[in-house]
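# Understanding the architecture of this molecule
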Amino acid sequence: MSNVNGATLGPFQRIWDAWSPADTRIRMQPVNHFPRVIEMQFDEFWAAWPTDRAGALNEVVDVISIALNWLRWFGCSDRDVAVLVENRAKRYADPEAILQKYKGLMGPEDAV
């Protein structure tokens, strides 16, 4: 497992730790809370893009923050998240297969 300066989640550890005081409140949210706030972040992204690149980038980081809190909602610790990410990253050993999957689902004009 990667470990940057003692942080289980590398640079994302600071986001995880910042939300730790709200852990109980996060876990009390209904599951549909997380997709809704991610959708709101995408609205904010599109409001910023393309004229405010820094603002758009911040909205993407906010999506990561929400995703981390969604994992917290599931009862994951930061160490659990690190293991999940490391295991999931193995799937990306063949990115072409993933790109082809989404090309088939989205159409060639929307695929990477």
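Sequence order sets the numbering: in each chain, residues are counted from 1 along the sequence as written. Thresholds applied to this predicted model are a pLDDT of at least 70 for local features of residues and 80 or more for the giving and counting of side-chain atom pairs; totals over whole chains, interfaces and linings are not thresholded and use all residues. Hydrogens and water are ignored here; the side-chain numbers use all heavy atoms of the structure.

## A short note on the overall build of the chain
We apply this condition: In this text, helices come from DSSP runs of H or I with a minimum length of four residues, and strands from runs of E with a minimum of two, each type numbered from the N-terminal end. Classification of residues uses two cut-offs on accessible area relative to the type maximum, computed with a 1.4 Å probe and protein chains only: under 20% is buried, over 50% is exposed, and between them is partly exposed. Any two residues whose heavy atoms approach within 4.5 Å at even a single point are treated as in contact. A residue counts as positive if it is Lys or Arg and as negative if it is Asp or Glu; His and the chain ends are not included. Charge coordinates come from a single atom per side chain, which is NZ of Lys, CZ of Arg, CG of Asp or CD of Glu.
The helix and strand inventory of the chain stands at 6 helices and 0 strands. Each helix and strand of the chain, placed in order from N terminus to C terminus, yields the pattern α-α-α-α-α-α. Seen through its principal axes, the chain has C-alpha atoms that stretch 45 × 35 × 30 Å. Out of the 112 residues belonging to the chain, those deemed buried represent 28%. Considering only contacts within the chain whose residues lie at least 6 apart along the sequence, 64% involve residues at least 24 apart. Taking the average location of the 12 positive side-chain charges in the chain and that of its 15 negative ones, the two points are 6 Å from each other.

## Quick look at the environment of Met28
Residue placement: Met28 occurs in the loop between α2 (23–27) and α3 (33–48). Here Met28 falls in the exposed class, since its relative accessible area comes to 63%. Spatially, the C-alpha atom of Met28 lies 24 Å from that of Glu59, the residues being 31 residues apart in sequence.

## Quick notes on the confidence of the model for the chain
Keep this limit in mind: pLDDT gives the predictor's per-residue confidence on a scale running from 0 to 100.
Confidence along the chain averages 90 in pLDDT terms, with 90% of residues attaining 70 or more. Long-range and interchain partners of residues 1–5, a stretch whose pLDDT sits below 50, account for 9 contacts in this model, where long-range means more than four residues apart.

## Some remarks on the nonpolar core
Within soluble globular proteins, side chains that are nonpolar generally end up buried alongside one another. Our working definition: Side-chain atoms within 4.5 Å link the members of a nonpolar core, which is a set of buried Ala, Val, Leu, Ile, Met, Phe, Trp, Tyr and Cys residues.
In this structure, Leu9, Ile15, Trp16, Leu68, Cys76, Val81 and Ala82 together form the largest nonpolar core, which totals 7 residues. Taken together, the elements giving at least two residues each to this core come down to α1 (13–19) and α5 (78–89). Val37, Ile38, Val63 and Ile66 belong to the second-largest nonpolar core, a separate cluster that totals 6 residues.

## Focus on the environment of Ala54
Within the secondary structure, Ala54 is located in helix α4 (residues 53–73). Here the alpha-carbon distance between Ala54 and Tyr102, two residues 48 residues apart in the chain, equals 28 Å.

## Concerning α5
Given 3.6 residues to a turn, an α-helix orients residues that are three or four positions apart in the same direction. To be explicit about the condition: The span you would expect from a helix comes to 1.5 Å times its residue count less one. The directions from the helix axis to the C-beta atoms form the arc being described.
Compared with the 16 Å implied by 1.5 Å per residue over 12 residues, the 16 Å span of α5 between its first and last C-alpha is a close match. Among all positions in α5, only Asp78, Val81 and Ala82 are buried. In a view along the axis of α5, the buried residues occupy a sector of 100°, so they form one face of it. Tucked inside the fold, the buried residues of α5 contact α1 and α4.

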